[in-house]
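Descriptive structure summary
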Amino acid sequence: MDLELSQEDLAFRDGLREVFLGAIPEEIRKRSALGLITRDDIVTSQRILNEHGLAVPHWPVEWGGRDWTPTQSHIYASELQRNAVPQPLAFNASMVGPIIAEFGSEEQKQKFLPATANLDIWWSQGFSEPEAGSDLAGLRTTAKRDGDHYVLNGQKTWTTLGQYGDWMFVLARTNPDAPRKQQGLSFLLLDLNTPGIERRPIKLVDGSAEVNEFFFDNVVIPAENLVGEENKGWTYAKFLLGNERNGIAQVGTGQRIFADLAAAAADLPTEDGPLSGDAEFRAAMHTAKTTLLALEATQMRVTAASENGQPSPVSSLLKMEGTQALQALTKLRMRAAGSDGMVLDTESPVRADEAAVVAAAQYLNQRKLSIFGGSNEIQRGVIAKTILGL
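Residues numbered from 1 in each chain as written. Predicted model: local features only at pLDDT ≥ 70, side-chain atom pairs only at ≥ 80, totals over all residues. Heavy atoms only, no water.

Topic: the overall build of the protein chain
Selection rule: Helix and strand definitions follow DSSP, with helices as H or I runs of at least four residues and strands as E runs of at least two, each counted in order from the N terminus. This radius of gyration counts C-alpha atoms alone. The globule rule is 2.2 Å times how many residues there are, raised to the power 0.38. Only protein chains enter the calculation, and the probe is 1.4 Å; a residue is then buried if its accessible area is under 20% of its type maximum, exposed if over 50%, and partly exposed in between. Working rule for contacts: check all heavy atoms of both residues, and any pair within 4.5 Å makes them a contact. Accessible surface is estimated by sampling points in the Shrake-Rupley manner with a 1.4 Å probe; for residues, cover comes only from the protein chains shown. Counting rule applied: Lys, Arg positive; Asp, Glu negative; His and chain ends not counted. We put the charge of a Lys on NZ, of an Arg on CZ, of an Asp on CG and of a Glu on CD.
Within the protein chain, the secondary structure is distributed over 12 helices and 10 strands. Its C-alpha radius of gyration of 22 Å places the protein chain within 12% of the 21 Å reference for a compact globule of 390 residues. The proportion of buried residues among the 390 residues of the protein chain is 46%. By sequence separation, contacts in the protein chain at least 24 residues apart represent 71% of the contacts at least 6 residues apart. For the protein chain, the exposed area adds up to about 19100 Å²; of that, 51% sits on carbon and sulfur atoms. If you average the places of the 37 positive and of the 50 negative side-chain charges in the protein chain, the two averages end up 5 Å apart.

Shown next as structure tokens:
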């Protein structure tokens, strides 16, 4: 495995930077770096990327993919994060899009894929339920076939950005008598303007309401909106969740936060001089830098394994350590913000130069990283079994 990029890969990286820094408005990238991007920012950014053929590079070529090598895909994801470019909406680009491209009918591909890539449709994920979060196979929402349609009843929760959703991809139980709970599930596409749907925001500890819950009361879904085969939804869900977990470590984002912190610390005063001279802060920054270097090397190891066509269990280590590193960096940003970091007012507008004011919200919000996409406790079990052989 070579941890250095080739000249061809360096040229590829520079080409991406020309688009990311030249075509994506600077104000959008500033807001993205502070976690203040709006729905319009996400839509604008993805449409610009799609115009340049960079919104869904991992899709099949006939639907906008680029047939990149795993190393090129790694560079693409890292550069998006390093340059604070809003990443293409995951529900569209990494979840439902690949599912439709792989398992959908030709009619579904024609109808949904171009609009999904260009974010003309904003997709929401209808998976988790109050009693089926980590144990997704235990979901209770039902979809009963009735002639040429299904009737959906139940509830979904923790639907991130569901307040913006136009359509939802729903995992529902179509065969309640299946011998195993993983069986009898189907993957359905739901127009969220259909009668019988209620959506409610869930207010989080940082004051935001980025997640929602949905209630379905005899909601009619045309049978043509079934993806793949009935009762094969668990297979498709596993395919989707594999895509969802890629990139959660966000090593590029960590590197950008570290660089911003290092630059700011030189100008932040303390009683004994600039924050950059504080021994405790310097030690924490050195630890963070070492961790990020190790994570970058680990990310390349995972990339090298995928180039050989072999899934790497090291991805569990990457997810676990990467999310912990990001949480540590948001804690350091709180330290740098000082008393300004104690502000948590999500009702007032924040200017893009008021980084300290969003430090608390970001610190609180990033606590979720070690839970979603497969909790870090689960990742430790995977590491113990597949890497350590315990």
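Quick look at a negative patch on the surface
The following threshold applies: Patch construction takes residues with relative accessible area above 30% that form no salt bridge. Like charges are linked within 9 Å, and nonpolar side chains (Val, Leu, Ile, Met, Phe, Trp, Tyr) are linked within 5 Å. By convention in these notes, a salt bridge is any Lys or Arg side-chain nitrogen within 4 Å of a carboxyl oxygen on Asp or Glu.
A cluster of like negative charges, contributed by Glu-62, Glu-106, Glu-107, Asp-146, Asp-148 and Glu-224, occupies part of the molecular surface. Secondary-structure assignment places Glu-107 in helix 6 (residues 106-117). The class for Glu-107 is exposed, based on a relative accessible area of 60%.

As for the domain arrangement of the protein chain
To keep things clear, this is the line we draw: Residue ranges labeled as domains rest on an automatic or database domain assignment.
Entries for the protein chain in the domain assignment read domain 1 (7-88), domain 2 (123-231) and domain 3 (245-388). Centre-to-centre separation of domain 1 and domain 2, based on C-alpha positions: 30 Å.

As for the packing of aromatic side chains
Our working rule: Any two rings among Phe, Tyr and Trp, with Trp reduced to its six-membered ring, count as a pair given centres within 6.5 Å; such a pair is stacked if its planes are under 30 degrees apart, edge-to-face if over 60, and tilted if neither. We count a charge as sitting over a ring when the NZ of a lysine or the CZ of an arginine lies within 6 Å of the ring centre and within 35 degrees of the ring normal.
Per the stated rule, a full pass over the model turns up 13 aromatic pairs. When the ring of Trp-122 is compared with that of Tyr-164, the centres are 5.2 Å apart and the planes differ by 70°; the resulting orientation is edge-to-face. In this pair, Trp-122 sits in the loop between helix 6 and strand 1 (123-126) while Tyr-164 sits in the loop between strand 3 (149-160) and strand 4 (167-173), placing the two residues 42 residues apart along the sequence. Relative accessible area serves as the criterion here: at 0%, Trp-122 is assigned to the buried category. Under the relative-accessibility criterion, Tyr-164 is labelled partly exposed at 28%. Three or more aromatic residues joined by ring pairs form one cluster here, namely Phe-112, Trp-123, Phe-127, Trp-167, Phe-169 and Phe-187. The ring of Tyr-363 has Arg-367 sitting right over it, with the charged end atom 4.0 Å from the ring centre.

As for the pattern of salt bridges
Within the structure shown, the criterion is met by 13 salt bridges. In this structure, Asp-14 and Arg-13 form a salt bridge, with 3.2 Å as the shortest nitrogen-oxygen distance. Owing to a relative accessible area of 36%, Asp-14 belongs among the partly exposed residues under this scheme. Two residues, Lys-368 and Glu-210, come together in a salt bridge whose shortest N-O distance is 2.8 Å. Remark: Glu-210 occurs in the loop between strand 6 (197-202) and strand 7 (211-222) and Lys-368 occurs in the loop between helix 11 (359-365) and helix 12 (376-386); sequence separation between them is 158 residues. Take Lys-368: its relative accessible area is 28%, and that puts it in the partly exposed class. Through salt bridges with shared partners, a single ionic network connects Arg-17, Glu-79, Arg-82 and Glu-296.

What to know about helix 6
What counts here: Helix span, expected: 1.5 Å multiplied by one less than the number of residues in the helix.
In a regular helix each residue adds 1.5 Å, so 12 residues correspond to 16 Å; helix 6 covers 16 Å between its end C-alpha atoms and thus fits that length. Every buried residue belonging to helix 6 is among Gln-108, Lys-109, Phe-112, Leu-113, Ala-115, Thr-116 and Ala-117, and all of these are buried. Among the structural elements, helix 3 (39-51), helix 5 (90-103), strand 1, strand 4, strand 5 (185-191) and strand 8 (226-227) are those in contact with the buried residues of helix 6. Downstream of helix 6 by one or two residues, Leu-119 has phi in the positive range, about 60°.

Let's talk about helix 10 (residues 314-337)
Taking 1.5 Å per residue, 24 residues should reach 34 Å; helix 10 reaches 34 Å between its end C-alpha atoms and fits that length. Positive phi shows up at Gly-338, right after helix 10, with a value of about 65°.

Here's the deal with the environment of Ala-359
Structurally, Ala-359 is set in helix 11. Residue class for Ala-359 comes out buried when judged on its relative accessible area of 1%. Through-space distance from the C-alpha of Ala-359 to that of Leu-34 is 8.5 Å; in sequence the pair is 325 residues apart. Other than its neighbours up to four places away in sequence, Ala-359 contacts Arg-333, Met-334, Ala-337 and Gly-341.

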